[in-house]
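Each chain, written out:
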2 protein chains.
Amino acid sequence: MISSKCNCDRCQHEVCARRVPIFSTLSIEELQKVVNLIYRRSYIKGELIVIEGSNLDSLIIINSGQVKAYRDTQDGKEQILYVFSEGDFFGEKNLIINQAATYNVEALEETNICAIRKEDFQKLLTEHPSIGLKIMEELCNRLDRLEKTIEGMGSKDVEARLGMVLLEFARKHGKESGEGILVELPLSREGIASYIGLTRETVSRKMTLLQNQGIIEMVGNKKVLIKNIKLLEQTVQ
Amino acid sequence: MISSKCNCDRCQHEVCARRVPIFSTLSIEELQKVVNLIYRRSYIKGELIVIEGSNLDSLIIINSGQVKAYRDTQDGKEQILYVFSEGDFFGEKNLIINQAATYNVEALEETNICAIRKEDFQKLLTEHPSIGLKIMEELCNRLDRLEKTIEGMGSKDVEARLGMVLLEFARKHGKESGEGILVELPLSREGIASYIGLTRETVSRKMTLLQNQGIIEMVGNKKVLIKNIKLLEQTVQ
DNA sequence: TTATTTTTGTGAGCCAAATCACAGTTTTTT
DNA sequence: AAAAAACTGTGATTTGGCTCACAAAAATAA
């Protein structure tokens, strides 16, 4: 039997580099060079990939899986800042502004990463300015999201905030189904709460509300069916 | 009488480019080329430099003065996202991810800007990767600040948030004086409130509190004397 | 499968910040 | 300098989300 997927080390490497938006502008030959610089690693669910305060010496790119980036606040809670998945990168702050990690990164499921050492990455940057551009793009997008989050947090429209995350997850992991978009939530209620600065209880209550309005339907704890995305988008507006 | 400051057009240009961190790595010859691409403009207090939703076609760098970047929220309020001053730039989102402006930018005082057209800027970027690096640095710093803001907004420690802005303004505009650090506030109470997601009244009350604790002293409406910066930093922690 | 652990939903009461209201200041304009 | 406009401080009240508490459900382990 012939496997449709080659599992040799080399091919996986290549696939990995191809999947990553920041290398999307490179030619096949250039990509090959990048591939040679990459090393890989796997993490199981719950494993810490980066510890706040530590000195990371690589840019890390997610090949498959999902992670959360979070901080522990004074009052012992965790504040989730990002949920990264396939193709996303992190650790750039350590390389670009030479700063220790400002957040923990933890695998939310089995996760495979590609990493490039600082020196290699910096060399790449000067040799291929297009990579820098891609990174700037992504940084701009992150700024955009954080700006929106802050706007939402300022105006205390709590339901809009919840709607925003649901739509974000729907874009990333939503699957069209007959009755709407089925979304596998990467975070628990507690996680969602920490992501948008609320308590677990409030998230619960607001989700129930959205369900009663016929906008969503909860499927177990980890899935949500968005039945009326138009209405949800209006809520967020 | 000989003026210590040359006011000819050319010199001002040069000064402008020199002052800007993102060009700090360029040689004098390279700088000269950049200078030739720059055009300048002045705005009076209250004037809009960028309108949300419009298509900006230049990177704008502040030569002197101060501006606020803000959005109008659904409920008619304004959410201030950034206060930019000398050496800061904005409009990069329009150039890098080809997006319409996501916020208004308004001069808080008489403000002079330097601007570089999109095409010129993109050419610069590919010719001098170091400029890209500088921009990435700044984007990382902004992400950093927003991440901290979000953390502060999540954990509802309101006084810490106020302390953070005061310290931010102190770093930017603080002047050492006998009794402490005298800070000229770029924003009114209302502005500060909008910057940290509170109401004007709450900011007022908390400022009074800090004053009663002997940490700060308000000097008219637009200045604050930080009498005990150690204590203020502790409040923030 | 059953048992165990983790996660979730929901009521009751509390509390800090929002809102409303208005007088007193400060700043700007004329 | 006087008048107008903008901004600020502070009391009274309301409110929406937080906290606490516990039962129910779901996910995981045995």
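Predicted model only: the values in this text are computed from it and were never measured. (Residues numbered from 1 in each chain as written. Chains lettered and ligands numbered in written order. Predicted model: local features only at pLDDT ≥ 70, side-chain atom pairs only at ≥ 80, totals over all residues. Heavy atoms only, no water.)

Caption draft 1: Spotlight on the pattern of salt bridges. For the coordinates displayed, the defined rule picks out 27 salt bridges over all chains. The residue Lys68(A) makes a salt bridge to Glu78(A) at a minimum N-O spacing of 2.7 Å. Placement of Lys68(A) in strand β4 (residues 66-72) and of Glu78(A) in strand β5 (residues 78-85) is noted, with a sequence separation of ten residues between them. Since its relative accessible area comes to 11%, Lys68(A) is described here as buried. Its salt-bridge partner being Lys93(A), residue Glu147(B) comes within 2.7 Å of it at the nearest N-O pair. Here Glu147(B) is found in helix α5 (residues 129-154), whereas its partner Lys93(A) is found in helix α3 (residues 92-96) on a different chain. Looking at Glu147(B), the relative accessible area reads 1%, which means it is buried. By sharing partners, the salt bridges in this structure join Arg71(A), Lys93(A), Asp144(B), Glu147(B), Lys148(B) and Glu151(B) into a single network. (Salt bridge = Lys/Arg side-chain N within 4 Å of Asp/Glu carboxyl O. Helix = DSSP H or I, 4+ residues; strand = E, 2+ residues; numbered from the N terminus. Buried < 20%, exposed > 50% of the residue type's maximum accessible area, 1.4 Å probe, protein only.)

Caption draft 2: Structural detail: the environment of Gly154(A). Its place among the elements puts Gly154(A) in helix α5 (residues 129-154). A sequence separation of 90 residues divides Gly154(A) from Ser64(A), and the C-alpha atoms of the two residues are 34 Å apart. Each residue touching Gly154(A), except ones within four places of it in the same chain, is listed here: Gln79(B), Met153(B) and Gly197(B). (Contact = heavy atoms within 4.5 Å.)

Caption draft 3: Spotlight on the sheet that holds strand β1 (residues 39-43) of chain B. Residues and elements named next belong to chain B. The strand order across the open sheet formed by four strands is β1-β8-β3-β6, and the pairing between neighbours is antiparallel. Of all strands in the sheet, those with a lone pairing partner are β1 and β6 (89-90), marking the two edges. Both β1 and strand β8 (residues 111-117) contribute to a ladder of five bridges, which runs antiparallel. From the neighbouring strand, tyrosine 43 faces β8, where its bridge partner is threonine 111. Packed on one face of the sheet, helix α4 (residues 118-127) meets β3 (58-64) and β8 and runs near 70° to β8. (Pairing = 2+ DSSP bridges. Axes fitted to C-alpha atoms, helices over the stretch in contact; angles between N-to-C directions.)

Caption draft 4: View of the protein's contact with DNA strand D. Close to DNA strand D lie 23 residues; Val158(A), Thr199(A), Thr202(A), Arg200(B) and Ser204(B) are nearest. Among the atoms of DNA strand D lying within 4 Å of the protein, the sugar-phosphate backbone contributes 62%. One nitrogen or oxygen atom from the side chain of Lys206(A) is found 3.4 Å from a phosphate oxygen belonging to DNA strand D. Separating a base nitrogen of DNA strand D from a side-chain N or O atom of Arg205(B) is a distance of 3.2 Å. Elements represented by at least two residues in the surface near DNA strand D include exactly α8 (200-212) of chain A together with α7 (189-196) and α8 (200-212) of chain B. Top contributing element to the surface near DNA strand D by residue count: α8(B), with five residues. When its residues are assigned to classes, the surface near DNA strand D shows three nonpolar, eight polar and twelve charged. (Near = heavy atom within 4 Å. Polar contact = N/O pair within 3.5 Å; in protein donor to acceptor, adjacent residues only side chain to side chain. Nonpolar A, V, L, I, M, F, W, Y, C, P; charged D, E, K, R; others polar.)

Caption draft 5: Geometry of unusual backbone geometry. Residue and element names in this part refer to chain A. If you check the backbone angles, asparagine 98 has positive phi at about 55° while not being a glycine. Mapped onto the elements of the fold, asparagine 98 is located in the loop between α3 and β7 (104-107). On the accessibility criterion, asparagine 98 (60% relative accessible area) is exposed.

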